[in-house]
Amino acid sequence: MSELETGQPAPQFALPRDGGGILTLSDFAGKPIVLYFYPKDDTTGCTAEAIDFSRLKPQFEAADAVVIGMSPDSTKKHDKFKAKHDIGIDLVADEERTALEAYGVWAEKSMYGRKYMGVERTTFLIGPDGKIARIWRKVRVPGHAEEVLEAVHALR
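Attention in this report is confined to the structure presented alongside it. Given the structure is predicted, the values throughout are model-derived calculations rather than measurements.

**Looking at the packing of aromatic side chains**
Point 1. Counted according to the given criterion, the structure contains 7 aromatic pairs.
Point 2. Ring centres of Phe53 and Phe60 lie 5.9 Å apart, and the angle between their planes is 50°; this geometry places the pair in the tilted category. Taken individually, Phe53 and Phe60 each receive the classification buried, so the pair is uniform in this respect.
Point 3. Through a chain of ring-to-ring contacts, the aromatic side chains of Tyr36, Tyr38, Phe53, Phe60 and Phe81 assemble into a single cluster.

So this is what it looks like as structure tokens:
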């Protein structure tokens, strides 16, 4: 599968969400969507990223944008994670990895010489037209949510 690029339509999905129910990308048609992929609930980097996006949620909403986090964790884990850290953004569970693979973020990783499959921390900004406006690959968490917010404002 080729890597997604800006200007391409964002792959659609319908997946279980925190708190119950199904979240689909089309639920937010006509709005900018920040879709960020992270490896695992309740780990240092993932927690910091979720807290940063939650802290800026009012600014994203003021820009008519929505923020969605996705990982292969279950909705039960998402619910515990949100409650523990007061996370205010939507979290989606992709336990089957269908969206993770469609977006090309399920990749081979390496830690201490050991290779394994996991989520490459990546953020997609999807424009109101449903096309990918910007991609951040191999994200470094500090300052990332602010940079994404600036990009949302630049869409206007």
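**So, the sheet that holds strand β9 (residues 132-136)**
Point 1. The sheet built from 5 strands is open, its strands ordered β5-β4-β3-β8-β9 with mixed pairing. Taken across any chain shown, the strands that pair with only one partner, and hence form the sheet edges, are β5 (90-93) and β9. Geometrically, the sheet is characterised by an average inter-axis angle of 20° between neighbouring strands, direction not taken into account.
Point 2. Of the pairings in the sheet, the one linking strand β3 (residues 33-37) to strand β4 (residues 66-71) comprises 5 bridges and is parallel in character.

**A few points about the pattern of salt bridges**
Point 1. Under the criterion given, the structure shown has 13 salt bridges.
Point 2. Among the salt bridges present, the one from Asp52 reaches Arg55, with a minimum N-O distance of 3.4 Å. One end of the pair is Asp52 and the other is Arg55, both in helix α1 (residues 44-55) and 3 residues apart, which spans about a single turn.
Point 3. Given a relative accessible area of 45%, Arg55 falls into the partly exposed group.
Point 4. Close ionic contact of Arg97 with Glu101 constitutes a salt bridge, the shortest N to O distance being 3.9 Å.
Point 5. Through salt bridges that share partners, Arg17, Asp18, Lys82 and Asp90 make up one connected network.

**Some remarks on the environment of Glu49**
Point 1. Within the secondary structure, Glu49 sits in helix α1.
Point 2. In this structure Glu49 comes out as buried when scored by relative accessible area, which is 2%.
Point 3. Discounting chain neighbours no more than four positions away, the residues touching Glu49 are Tyr36, Tyr38, Arg121, Thr123, Val139, Val141 and His144.

**Notes on unusual backbone geometry**
Point 1. We note that Arg97 has phi near 65°; this positive angle belongs to a residue other than glycine.
Point 2. Within the secondary structure, Arg97 sits in the loop between β5 and α4 (98-102).
Point 3. Arg97 gets classed as partly exposed once you look at its relative accessible area, which sits at 30%.
Point 4. Despite not being glycine, Tyr112 shows a phi value in the positive range, around 55°.
Point 5. Among the secondary structure elements, Tyr112 is positioned in the loop between β6 (106-111) and β7 (114-119).
Point 6. A relative accessible area of 82% places Tyr112 in the exposed class.

Scoring rules and cut-offs
Residues numbered from 1 in each chain as written. Predicted model: local features only at pLDDT ≥ 70, side-chain atom pairs only at ≥ 80, totals over all residues. Heavy atoms only, no water. Phe/Tyr/Trp six-rings, centres within 6.5 Å; stacked < 30°, edge-to-face > 60°. Buried < 20%, exposed > 50% of the residue type's maximum accessible area, 1.4 Å probe, protein only. Pairing = 2+ DSSP bridges. Helix = DSSP H or I, 4+ residues; strand = E, 2+ residues; numbered from the N terminus. Axes fitted to C-alpha atoms, helices over the stretch in contact; angles between N-to-C directions. Salt bridge = Lys/Arg side-chain N within 4 Å of Asp/Glu carboxyl O. Contact = heavy atoms within 4.5 Å.

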